[in-house]
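Architecture at a glance
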Amino acid sequence: MSKEPREEMIAVGGTRVHTLIGGEGAPLVVLHGAGGNRGWRRWMARLADHFTIYAPTHPGFGASDAANWMEGIEDLARFYLWFVDTVGLERAHVLGHSIGGWTAAEMAVSAPRVIDRLVLVAPVGLKPERGEILDVFYHSPAELTRLTVHDPKSIPEWEDLYGQTPTPAQAEIAIRNREMAARLTWRPYMHNPRLSHFLPRASMPTLVIWGREDRIVPVVCGEQYCRLLPRATLRVLDGCGHLPPIERPDAFAALVADFLATPSTASRSQR
Amino acid sequence: MKLYYFSEMPHHEFADGAGDAYPSLRLAFPNAHFSPEKATANYRRYLDEYQLADEVGYHGLMVNEHHSTPSCVNVSANMTAGILGRITRRAKILILGNILPIQDNPVRMAEEIAMADLISGGRVLSGFVRGVGVESWWANVNPVHNRERFEECHDLILKCWTTPGPFRWEGRHYHFRHVNPWCLPLQKPHPPIWVPGTASPETAIWAGRLGYTYVPFLVPVDIARELFDYYRQGAAEVGRAVTDDNLGFLVCSVTADTQAAALEAGRHFVWRMGPTLRGPAEFFSPVGMQSSAGRRFALKKQPVPLASQSYEDLVKGDFVIAGTPDYVADRFAHLRQALGIGHLLLEAQESRMDHPTTMRSIELMGQKVSPAIEDQ
């Protein structure tokens, strides 16, 4: 199977989500952060030799249908458990970044048997014991890009991702993404005060990845996740901000591949 | 045309430049610069000025509400309306307005406005606003829900005033199992409703459909005309005729015995147009606050921001009307002619404009300007 993904609009209930599907192997569902689905990236191509990657664009983001009825990340988590059913996966690995990581954690505590292995990448969702999660809506998109990454010059896909002036259509999508992120995370800001009580239920092997220079979500949140999840390990990448998959794509892909390569019970039925 | 007196009750009691190190005077400027002693004196002074405006014949007294900003420390429009209801005798009390989307309890809001209406003997004009973004931050209410909450809060307040209780309200944003307010307005079916606007076609259309008095704030005349067209579009949808009583406009204005004195006093409005509006776009229009239609309207019109206009530009554009009674009466007549409005709201005190200057301006407006334009 080609590493190049195909695109599908997958209807979950009445809501269609734009989804990239590529690679071959055990299913891996990838949930993006508040910045939106950045497409088929270098780290995904590396994993596609061994996994079938499903990378949906959240409802309300990008080319997916609106879901203005959603009130929070718990709704999005329930939506993606339904997505897993709809695609025909009995179990899957789930990898989520930032708000996608929070979503993955909420899925894991709601239906732990559905998730084989869990990868949380700089997830929000917990109130930091020290410091604060940056108020991303208080800053302009340009400031936020600067604060999100550690060193733009070290990012191999920087030009492709951020080098061009957005077209009007891309600018409108960026606004749409930001609005949906606000809809899902405004209050309590970027966390669920009840999540910590449920995390011990998520007993699947879990890898938590953080950038040491993350200025959006304090690394202490990674320590909190690892303390609360029964089988979690924290790996911190040096020279990296809030976007490990983009800032350190090769190291990130290697970490994830090693973790997921452990014998798995993940299976995929025919759609 | 009817005149309304309005003060934002500013708290410009700190050194110029004290706020320069912060992103904005709103939200970010530390309240260590707030002086309770000076505020005590100012509130009394501002209320005295409203009292004089009532005595000299202004048709109405307008109050508003903002939060987390020295530009306006009137933090409860309804509280001020209640006070004015007791200390004034004749003028309408225009609350413009209550910031509906940030309210968590519309029933309490309905009760407070009703109480002000009762205390004033039925003089309240009840304005409803969506607020600037700063208020959404202050209340930590999700701005993507701003319009939905505005409309639902409005609907529940109206139901409180017009439907005998008890009843149940289960909406999207508001949930009350026992609604039965024991405080209802004197005016029936309810106080007249007013709505301001600056750039939202949806608000103008909505107000037009419902027949509310619609008032653009501090926008160029051509933009006000276009917003009035949206208002008429809404009115036409329900077959309602639009009269000048449905339309108002807000400008800053001061008068004095000489043109030079008035122009000098008018400079105080620059603080309101510039420093107090400085700040990141995210403060004033956070994510989700503006619809795509609103964005398109703003992009199409692109008015020069008030903050970047010189005092001379503001005077030339009639954002600030400062002059002798004859001069301001002439400019007011021009606006009446240009816009077909029945109500002119005067933001008539700002920044460090002192008490004697403000009182003299109020006096001259009442004695000379108001009679000159009342039949126009």
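In this report, the structure presented in the accompanying data block is examined. (Residues numbered from 1 in each chain as written. Chains lettered and ligands numbered in written order. Predicted model: local features only at pLDDT ≥ 70, side-chain atom pairs only at ≥ 80, totals over all residues.)

Thoughts on the overall build of chain B
Summing up its helical and strand segments, chain B has 14 helices and 11 strands in all. In terms of principal-axis extent, the alpha carbons of chain B reach across some 60 × 50 × 45 Å. Going through the 376 residues of chain B one by one, you find that 49% of them count as buried. Nonlocal contacts in chain B, meaning residues at least 24 apart in sequence, comprise 78% of its contacts between residues at least 6 apart. (Helix = DSSP H or I, 4+ residues; strand = E, 2+ residues; numbered from the N terminus. Buried ≥ 20, exposed ≤ 12 C-beta atoms within 10 Å, placed from the backbone. Contact = placed C-beta atoms within 7 Å.)

As for the sheet that holds strand 10 (residues 320-323) of chain B
Residue and element names in this part refer to chain B. What the nine strands build is an open sheet, ordered 8-7-4-3-2-1-11-9-10; its pairing is parallel. Since the sheet does not close on itself, it has two edges, and those belong to strand 8 (213-216) and strand 10, each with one partner. The mean angle between the axes of side-by-side strands here comes to 30°, regardless of whether they run parallel or antiparallel. With six bridges connecting them, strand 1 (residues 2-7) and strand 11 (residues 343-349) associate as parallel partners. Its bridge partner lying in strand 11, Tyr4 is registered against Leu345. On the sheet, helix 2 (residues 77-87) packs against strand 2 (60-63), strand 3 (92-99) and strand 4 (124-129) and is oriented at approximately 170° with respect to strand 3. (Pairing = 2+ DSSP bridges. Axes fitted to C-alpha atoms, helices over the stretch in contact; angles between N-to-C directions.)

Regarding the sheet that holds strand 2 (residues 15-23) of chain A
Hydrogen bonds between backbone atoms are what pair the strands of a sheet, whose relative direction is either parallel or antiparallel. Residue and element names in this part refer to chain A. With mixed pairing, the eight strands of this open sheet are ordered in space as 1-2-4-3-5-6-7-8. Only two strands of the sheet have a single partner each, and these edge strands are strand 1 (6-12) and strand 8 (232-237). Strand-to-strand, the axes of this sheet are offset by a mean angle of 25°, without reference to chain direction. Relative to strand 4 (residues 51-56), strand 2 runs antiparallel, the two being bridged by five bridges. In the sheet register, Ile21 faces strand 4, and the bridge partner there is Tyr54. Sitting on the sheet, helix 3 (residues 99-110) touches strand 3 (26-31), strand 5 (92-97) and strand 6 (115-121), and the angle it makes with strand 5 is about 145°. The strands that helix 8 (residues 220-228) touches are strand 6, strand 7 (206-211) and strand 8; relative to strand 8, the one it contacts most, it runs at about 165°.

A short note on the nonpolar core
The biggest cluster of nonpolar side chains holds 89 residues, and the ones touching the most others in it are Tyr4, Tyr5, Leu61, Ile93 and Ile95 of chain B. Sequence-distant contacts of Tyr5 of chain B, that is, excluding residues within four places in its chain, are made with Tyr50, Ala53, Tyr58, Leu61, Met62, Leu346, Ala348 and Ile362 of chain B. If you look at the next biggest cluster of nonpolar residues, it comprises 71 residues, including Met44, Leu47, Leu76 and Cys240 of chain A. (Core = buried A, V, L, I, M, F, W, Y, C linked by C-beta atoms within 7 Å.)

Regarding the interface of chain A and chain B
Of the residues lining the interface, 10 residues belong to chain A; the matching set on chain B comes to 10 residues. When the residues that make up the side of chain A that touches chain B are grouped by side-chain class, the tally is four nonpolar, two polar and four charged. (Nonpolar A, V, L, I, M, F, W, Y, C, P; charged D, E, K, R; others polar.)

Focus on helix 1 (residues 36-56) of chain B
Residue and element names in this part refer to chain B. For helix 1, built from 21 residues, the straight-helix expectation of 30 Å at 1.5 Å per residue is met to within 8% by its first-to-last C-alpha distance of 30 Å. The set of residues buried in helix 1 consists of Tyr46, Glu49, Tyr50, Ala53 and Asp54. Along the axis of helix 1, the buried positions cluster into a sector of 140°, meaning they face one direction only. Facing away from the buried side of helix 1 by over 90 degrees, the exposed positions are Glu37, Thr40, Ala41 and Arg44. Elements that come into contact with the buried residues of helix 1 comprise strand 1, strand 2, helix 2, strand 11 and helix 14 (355-373). Positive backbone phi, at 110°, marks Gly57, one or two positions downstream of helix 1. (Expected span 1.5 Å × (residues − 1). Arc of directions from axis to C-beta.)

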